[in-house]
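# Remarks on the overall topology
Take a look at the letters that make up each chain.
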Amino acid sequence: MKILVVGGGGREHAIIKKLLENKNVEHIWALPGNGGIAKDAECVNIGAKDIDGIAEFAKANKPDFAVVAPDDPLVLGAVDRLEALGIPCFGPRAAAAEIEGSKIFSKNLMKKYNIPTAEYETFDDLEKATEYVRTKDMPIVIKADGLALGKGVIIAETLEEAERALVMMMSEGAFGKSGSRVVIEEFLTGPEVSVLSFTDGKTVVPMVSSMDHKRALDGDKGLNTGGMGTIAPNPYYTKEIADECMEKIFLPTMKAMNEEGRTFKGCLYFGLMLTPKGPKVIEYNCRFGDPETQVVLPLMESDLLDVMMAVSEERLSDMEVKFSNGAACCVVHASKGYPEKYETGFEITEDDMGDAFVYYAGAKIADGKVVTGGGRVLGVVAKGACLKCAIDAAYKASEKVHFENDFYRKDIGQKALKA
Ligand code: AMP
Ligand code: GLY
């Protein structure tokens with residue numbers, strides 16, 4: 001089989017490596033892929049948001065199956081376009097991807113179907129939004145409605161910060177059109193859990209739980225990033241909580257999307273907060289998480305392509321989706337200065353990684369060498385029989401990748417170990 005994968009980050013590298021475990025996979029194209037992915041797939045220089053380019057490429061090359069991984073192409077309808085060409089896909093159509101594409105849509109969905117989430121109001125008028133926050137207790141959470149590269153959420157500690165955030169989003173256009181409408185919601189507390197699930201609209205199969213580390217610096221300090229590391233499983237997510245989430249969140253969400261005529265097929269990501277009043281949804285993503293995928297897929301024992309095809313053909317209930325009892329840890333290595341200013345173009349080398357492995361993200365090829373090409377450069381991943389074993393192994397392996405200005409957090413998984 002020939003497979004087309006849309007995307008070019010660490011998540012896509014993890015997906016591609018897992019797909020290659022299937023003996024029927026002869027060839028994978030990554031659009032656009034990256035310099036590190038190029039070792040495992042044919043990278044084609046077509047951007048993930050270039051829906052016309054992706055469709056043209058698919059028409060000419062006739063892949064047997066396509067996986068659309070990032071949020072942008074999903075929201076822009078890449079799956080709709082590929083399916084119209086007769087190419088079976090893993091990933092939601094645009095109507096279903098709206099669950100991530102619009103926070104107002106997802107909040108209203110949760111309210112309508114009684115799915116637990118933070119109390120909220122939505123606004124498209126700066127004055128009304130400002131009046132509203134003046135009546136509320138701080139901290140308060142302000143979210144741009146649309147996609148904003150994971151940066152559209154501001155937790156305002158003071159009224160001044162809240163008012164400033166509203167002006168920035170609604171009048172100065174900090175997130176373009178994405179911020180012209182906002183959700184203002186109650187500040188929740190509790191451990192966060194990421195649960196990625198497979199769903200075909202009939203069945204939901206949660207994958208092993210995980211924990212992201214979004215801040216740039218140790219101790220959850222510094223700016224928000226795309227994710228500086230992950231561990232799986234998440235020790236806060238007990239069997240009891242998992243059962244409660246299935247009953248109150250996962251199944252109701254799948255059914256709600258069906259009711260709305262937006263059947264979701266693909267990977268539905270539940271960003272949860274385990275609050276003193278029970279688990280609540282912080283956000284939905286219409287795709288695999290990054291860097292959650294880098295720890296979840298290595299623990300998957302079932303064949304990824306078989307499961308993805310079953311989702312596409314709506315026969316997920318026939319599949320046994322198994323995960324190992326072990327643990328995994330991903331340490332993201334970034335370019336010093338990320339998520340603000342950083343330099344690129346430094347050669348990346350790997351010593352013998354042993355049982356650990358590397359998923360490339362911000363990497364490109366220059367003069368035949370793999371060099372840094374982005375903020376988050378790569379993730380070093382290790383598995384272990386226990387969480388501590390996996391963390392220790394990932395840090396040991398982290399010393400075996402080399403590039404100038406390498407920066408990584410030293411405390412990935414420490415909070416989980418204290419749970
Ligand atoms: P998001 O981009 O929606 O995942 O939000 C980024 C981060 O902001 C989340 O991972 C949480 O840590 C935090 N966050 C979002 N919504 C809330 C909330 N209602 N209360 C507390 N923290 C939140
Ligand atoms: N790691 C969070 C996300 O993928 O949105």
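Quick note: structure is the one above.
Below, the structure is looked at part by part. (Residues numbered from 1 in each chain as written. Chains lettered and ligands numbered in written order. Predicted model: local features only at pLDDT ≥ 70, side-chain atom pairs only at ≥ 80, totals over all residues. Heavy atoms only, no water.)

## Focus: the sheet that holds strand β17 (residues 278-285)
Overall, antiparallel pairing links the 4 strands, which are arranged β11-β10-β16-β17 in an open sheet. Each end of this open sheet is capped by a strand with a single partner; those strands are β11 (204-206) and β17. Between one strand axis and the next, the sheet turns through 35° on average, direction left out of account. Where strand β10 (residues 192-199) meets strand β16 (residues 266-275), 8 bridges bridge the pair, whose relative direction is antiparallel. Its bridge partner lying in β16, S197 is registered against L268. Strands in contact with helix α9 (residues 239-259) are β10, β11, β16 and β17; relative to β16, the strand with the most contacts, it is inclined by about 130°. (Pairing = 2+ DSSP bridges. Helix = DSSP H or I, 4+ residues; strand = E, 2+ residues; numbered from the N terminus. Axes fitted to C-alpha atoms, helices over the stretch in contact; angles between N-to-C directions. Contact = heavy atoms within 4.5 Å.)

## Concerning a nonpolar patch on the surface
A contiguous nonpolar surface patch, about 220 Å² in accessible area, is contributed by V153, I155 and F187. The residue I155 is located in strand β8 (residues 153-156) in this model. (Patch = residues over 30% accessible without salt bridge, like charges linked within 9 Å, V, L, I, M, F, W, Y side chains within 5 Å. Areas by Shrake-Rupley, 256 points an atom, 1.4 Å probe, with all protein chains shown as cover. Salt bridge = Lys/Arg side-chain N within 4 Å of Asp/Glu carboxyl O.)

## Let's talk about the nonpolar core
Within the largest apolar cluster, 45 residues are counted, with the highest numbers of intra-cluster contacts made by I99, F250 and L272. Residue contributions to this core peak at 7 residues, all from α9. For F250, the residues in contact, after removing those within four places along its chain, are V195, V204, P206, Y237, C245, F270 and L272. Ranked by size, the runner-up nonpolar core spans 44 residues in total, among them L19, I37, A69 and Y359. (Core = buried A, V, L, I, M, F, W, Y, C linked by side-chain atoms within 4.5 Å. Buried < 20%, exposed > 50% of the residue type's maximum accessible area, 1.4 Å probe, protein only.)

## Side note on the sheet that holds strand β9 (residues 182-186)
Strand order in this open sheet of 4 strands is β6-β9-β7-β8, and the pairing throughout is antiparallel. Each edge of the open sheet carries a strand with a single partner, namely β6 (120-123) and β8. Adjacent strand axes in the sheet meet at a mean angle of 20°, parallel and antiparallel pairs treated alike. Sheet topology places strand β7 (residues 140-144) next to β9; 5 bridges connect them, and they run antiparallel. Residue pairing across strands places I142 opposite I184, the latter belonging to β9.

## Quick look at the state of the cysteines
Evaluated as defined, the whole model comprises 1 disulfide. Residue C386 pairs covalently with C389 via a disulfide, S to S 2.1 Å. Handedness of the C386-C389 disulfide follows from its S-S torsion of about 100°: it is right-handed. No disulfide involves C43; its sulfur sits 19 Å from the nearest other cysteine sulfur, which is in C330. We note that C329 lacks a disulfide partner, and the nearest cysteine sulfur, in C330, lies 7.1 Å from it. The exposure class of C329 is buried, given its relative accessible area of 0%. (Disulfide = S-S within 2.5 Å.)

## Looking at the pattern of salt bridges
The tally for this structure, following the rule as stated, stands at 25 salt bridges. Of the charged contacts, one joins D411 and R409 as a salt bridge, the two residues approaching to 2.8 Å between their closest N and O atoms. Grouping residues by exposure puts D411 and R409 together as buried. What emerges from the salt-bridge pattern is a single network uniting D220, R409, D411 and K415.

## Considerations on the site of ligand 2
In the neighbourhood of ligand 2, the contacting residues comprise D212, Y269, N285, R287, G289, D290, P291 and E292. Within the side chain of D212, an N or O atom sits 2.8 Å from a nitrogen atom of ligand 2. N285 is positioned with one of its side-chain polar atoms (N or O) 3.1 Å from an oxygen atom of ligand 2. In isolation ligand 2 exposes 200 Å². Once the protein is present, 89% of that is buried. In terms of residue class, the shell around ligand 2 is built from 2 nonpolar, 2 polar and 4 charged. (Near = heavy atom within 4 Å. Polar contact = N/O pair within 3.5 Å; in protein donor to acceptor, adjacent residues only side chain to side chain. Nonpolar A, V, L, I, M, F, W, Y, C, P; charged D, E, K, R; others polar.)

## Notes on unusual backbone geometry
Each neighbour pair has its own omega, and for D290 with P291 the value is 15°, a cis peptide bond. Along the chain, the position of P291 falls in the loop between β17 and α10 (293-296). For the bond running from Y338 to P339, omega is 10°, close enough to zero to count as cis. Summarising the element assignment, P339 is placed in the loop between β18 (327-335) and β19 (349-350). Within the chain, D220 stands out as a residue other than glycine whose phi angle is a positive 55°.

## Brief notes about helix α11 (residues 304-312)
Taking burial as the measure, the 9 residues of α11 include 8 buried ones, the bulk of the element. On its buried face, α11 is in contact with β1 (2-7), α1 (10-19), β4 (65-68), β5 (89-90), β10 and β16. In this structure D303 caps α11, since a side-chain oxygen of it lies 3.1 Å from the backbone nitrogen of L305.

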